[in-house]
Every structure is written in C-alpha cells, then in structure tokens.
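# Reading the structure
Each chain is listed here by its residues.
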Amino acid sequence: MTTVTSEVDAANDKLRSRDFRHLWLSNALTNFGAQITMLALPVCAALLLHASSSQMGVLAACETLPFLLFGLPVGVLLDRHRRLPVMLCSDTLVGIALASVPLAWWFGTLSIHWLYAVGFVIGTGYVVGGGAEQVFLTFIVGRDKLVDAQARFASTESAARLLGPGIAGTLVQVVGAPLAVLCNAAGFAVSLVNLRMIRSREPQPERKDTHPVREMIDGLAFVWNHRLLRKLAWVSGGWHLMFFGFNALQVLFALRVLGLAPGVMGTAQMLGGVGVLAGSLLVKPLTLRFGVGPVLLLGQVASAIGWVLMPAIPAALWGSETATAAVYAVAMFWVDFGATLFYIPYGALRQKVTPDPMLGRMIATMRFLTVAMAPVGSMLAGVLGERFGVRTGLACVGVGALALVLAASAGDLRKVRD
C-alpha cells in the first residue's frame, strides 16, 4: 500500500514541478495569443483589405498547409533531436512573422498576399512547435499523467477561449487589428524567455543510420497497421475538414451577414471559452463513466450542433444586435465544447498506445493525415461561400458534420473504453 501511495505522489509531483509550470505558462501565453491572432488576422483581411470569401478561404488554408507539407518530416526531426530547442526556434519564427504585420501596415505595404505569407509562417511554427510540445510534455510528466496534464492544458485553453476573444475584440476595436497582432508578438517573446527557464534536459536521441524517408514511411506504416490509430486518423481527418471550413467563413458571416461589430463578435465568442471550460471539466468523469470512444463521438455530435445552428441564425434577430450575438455565442459554445470533448481523449489515446521510439513520427503522421484536411476544408468552404454565399457555405459544413457523425457512429470506435 505504501509503495502504491508513493508512486501516486511521485506522479502528482510531476504536475507540480517547476518545469511543468513553465511549460504550462508558455502554453497559456501562446493560447491567449492565438485567440488574438485568430480574430485580428481575418479582421485585417476582411475590413482593411476587403477580402472576398475565396480569399478568406485561402488565408485559412495557408495557416494549415504546412501540416500537409511538413508534417511527416517534422516527425523525423522530433525523433532525432531534443524537443525544447525546436520549441524555442518555432516560437521565434512565429513572433517575427506576427511582428511583420503591424510593420507592413505602418509602411503601407500590407496586402492579402502578405497575410498569406504570414499565415503560412505561423502555420509552420505551429506544426513544428506544437508537435515538439506534445512530445516534450510526455517527457516532463510521463505517460501515466498525460490525461491529467492535457486536461490542465485544456483548462488553460478554456480560459483563453473565455477571455481571449473579448480581449481581442476590444483590442481590434480600440487600437486596430494590426496593433492587436503586435500584442500577440510580444506574448511570444515572453514565452521564449519562459521556455529558456526549463531545467530538464531530454537525453539526446540515439543516432540513427536509417534514411529520413525510410523513417517517414515507417511512421505511415505504423499508423496504417495499427487498427485504432487508423480509425482515429479518418475520424479526426473528417472532423478537421469541417472545423477549418467553418473557421474560414465564420468571421465573414459575423461581420458581413450578421452585421456584428468586431468588439461584439469577440464578446460573443467568449461563450466558446465556456464550452472549452465545460469540456475540460467534464471529459475525465465522462471518460471514466462511458469510455474514451463514446466521449470522442459525443464531442463530434456537440460540434455538429454548433455547425448546424450557425448558418440558421437570421440577421438582425428580432431587430436586435444583442439577440443575434447571443445566438451566435450559443453556436460557438457547442462548437468549442465538442472540440474539447473530442480532442483531449483523442490526443491522450493516440499517445498512450504508441511506444517511445515511434512517438514523434506517430504524432507527425497523425497530424499529416488529419490536419492535412484543414486546407482542403478552408479552400472548399471559401469557394462555396464565394459561389453560393457565406450562409450556404456554412450550411454545407453543417450537413457534412452530420454525415461524419453517422459514419463514425456506425463503426466500433464507440466500443473503445480505455
């Protein structure tokens, strides 16, 4: 009994360690910054540069295209190098790209193509840094505390989703979108300083004689031959297709179709943060009660509710901007609540079933196979919005989400308990 208690205490100590707190703080800074960028960058395109629906789709696609181009090579990189230096480099890259937006605006050279380039660089930083953070988190807390650690990260994300859009909307309305992006760049600078304070040093991975292409093929083969990972890949790929199609159009829908001001839109999006908070608090008891697979499917159902509700919102509901914003906020709640219920067990499950030597390649391969659908979803939604209208484009996302729920529920993923 004493041995079991000491093992539990040792595991909990990992979540109270100085290094985990630094990693957690860095994650919080980048999460809050991401909320600012997610609002400010599309607002720059929509209001300052008068971007069309298809251009908004291209902008969203540029932010996710690096997952398709670099996903597999990053897996090899993470299995061959220490992850903390990789995280430092990626944060530096993203911070510089963000700082270039207000500089270009001040000098009168800001264009939609500039934003395309910035979005691509930011996406590249997230591909590299995000994958490194997931593997580094496993090193810091161990596999036995992954779900708890990711739940804490999700609670931070919920705080960012709760407060971030309101802060972002206020910043955009008061100082303008370019200066709001500059605030995010400053946050990445603070994150860099914080990461450098982490003391734990991973052992240098063993030198490998195999060719990187061979390792990428091995990563693909590992996921394809693993029945559970293969199912998670196609389910997650479909979910990302809908999620990023929705993201490509929802800012245009709020600003132009519903007529919400940036500040009102940001405040309404704060309810999405309540959804993330509710998801992060409920995911563990729901998983213990029903199992991982049913909770994954429940997350997909919740997201689908939000995606179906959004295009059904009428402009000037009851002649009131407040009423319109309230229904918009409810739709965002369901989208983010479902995203949290889906992603936490999905992320923990895929890492738990993968051995250490394959961890980096597995994460990179899964991101390649799943998030690679993001640019497809963004571009397709942009084209649909341009051709048939923004509301119709969002309605297509809702229909696709319902079809995905039916397809995923028909499989045996619902039987996965642990």
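Below: a short report on this structure. All values reported here derive from a predicted model rather than from experimental measurement.

Basis of the calculations
- Residues numbered from 1 in each chain as written.
- Predicted model: local features only at pLDDT ≥ 70, side-chain atom pairs only at ≥ 80, totals over all residues.
- Heavy atoms only, no water.
- Helix = DSSP H or I, 4+ residues; strand = E, 2+ residues; numbered from the N terminus.
- Expected span 1.5 Å × (residues − 1).
- Bend = angle between axes of the 7 residues up to and from the residue.
- Buried < 20%, exposed > 50% of the residue type's maximum accessible area, 1.4 Å probe, protein only.
- Phe/Tyr/Trp six-rings, centres within 6.5 Å; stacked < 30°, edge-to-face > 60°.
- Lys NZ or Arg CZ within 6 Å of the ring centre and 35° of its normal.
- Core = buried A, V, L, I, M, F, W, Y, C linked by side-chain atoms within 4.5 Å.
- Contact = heavy atoms within 4.5 Å.
- Arc of directions from axis to C-beta.
- Patch = residues over 30% accessible without salt bridge, like charges linked within 9 Å, V, L, I, M, F, W, Y side chains within 5 Å.
- Areas by Shrake-Rupley, 256 points an atom, 1.4 Å probe, with all protein chains shown as cover.
- Salt bridge = Lys/Arg side-chain N within 4 Å of Asp/Glu carboxyl O.
- Axes fitted to C-alpha atoms, helices over the stretch in contact; angles between N-to-C directions.
- Parallel < 35°, antiparallel > 145°, perpendicular 65-115°, else oblique.

Compared with the 45 Å implied by 1.5 Å per residue over 31 residues, the 44 Å span of helix α9 (residues 227–257) between its first and last C-alpha is a close match. Helix geometry: α9 is bent most strongly at L249, by close to 35°. For α9, a buried count of 23 out of 31 residues is recorded, marking the element as mostly surrounded by other parts of the structure. Looking one or two places after α9, you find G259, whose phi comes out positive at around 75°.

Under the criterion given, the structure shown has ten aromatic pairs. Their ring planes at 10° and their centres at 5.5 Å tell us that F342 and Y346 sit as a pair that is stacked. Highlighted residues: F342 and Y346, both in helix α13 (residues 321–352), separated by four residues, approximately one helical turn. Comparing F342 with Y346, the two get one shared label, buried. In this structure, R230 packs its charged tip against the face of W224, placed 5.4 Å from the ring centre.

Our focus in this paragraph is the nonpolar core. By size, the foremost hydrophobic cluster in this structure holds 107 residues, and its most contacted members are L23, M265, W307, M310 and Y328. Top contributing element to this core by residue count: α9, with 16 residues. Not counting the four nearest positions on each side in its chain, W307 is found in contact with W239, M242, F243, F246, V335, L394, V397, G398 and A401. Ranked by size, the runner-up nonpolar core spans nine residues in total, among them V283, L286, V295 and L341.

On to helix α16 (residues 390–410). Here α16 spans 31 Å end to end across 21 residues, near enough to the 30 Å set by a 1.5 Å rise per residue. Every buried residue of α16 is accounted for by V390, G393, L394, V397, G398, G400, A401, L404, V405 and A408. Looking down the long axis of α16, one finds its buried residues gathered within 165° of arc, a one-sided arrangement. Pointing more than 90 degrees away from the buried face of α16 are the exposed residues V399, L406 and A410.

A positive phi angle, close to 55°, is found at H50, a residue other than glycine. Here H50 is to be found in the loop between α2 (18–48) and α3 (53–80). Residue class for H50 comes out exposed when judged on its relative accessible area of 61%.

This part is about the environment of Q173. Among the secondary structure elements, Q173 is positioned in helix α6 (residues 146–175). The sequence separation of Q173 and V264 amounts to 91 residues, and the corresponding C-alpha distance is 9.5 Å. What Q173 contacts, discounting residues up to four positions off in sequence, is A261, P262 and G263.

Moving on: a nonpolar patch on the surface. A contiguous nonpolar surface patch, about 630 Å² in accessible area, is contributed by L48, L103, W105, W106, F107 and L182. No other element matches the three residues that helix α4 (residues 83–106) contributes to the nonpolar patch. Summarising the element assignment, L103 is placed in helix α4.

So, on to the packing of helix α10 (residues 262–269) against helix α11 (residues 271–290). Between α10 and α11, the least distance of the axes is 4 Å, while the angle of their chain directions is 15°. As summarised for this structure, α10 and α11 are arranged roughly parallel, according to the angle between their axes. Residues T267, A268 and Q269 of α10 lie in contact with α11, whose contacting residues are L271, G272 and G273.

A few words now on the environment of L249. As for its position among the elements, L249 is in helix α9. The class of L249 is buried, set by a relative accessible area of 0%. Through-space distance from the C-alpha of L249 to that of A60 is 9.2 Å; in sequence the pair is 189 residues apart. Dropping the residues within four chain positions of it, L249 is found in contact with S53, A381, G382, V390, G393 and L394.

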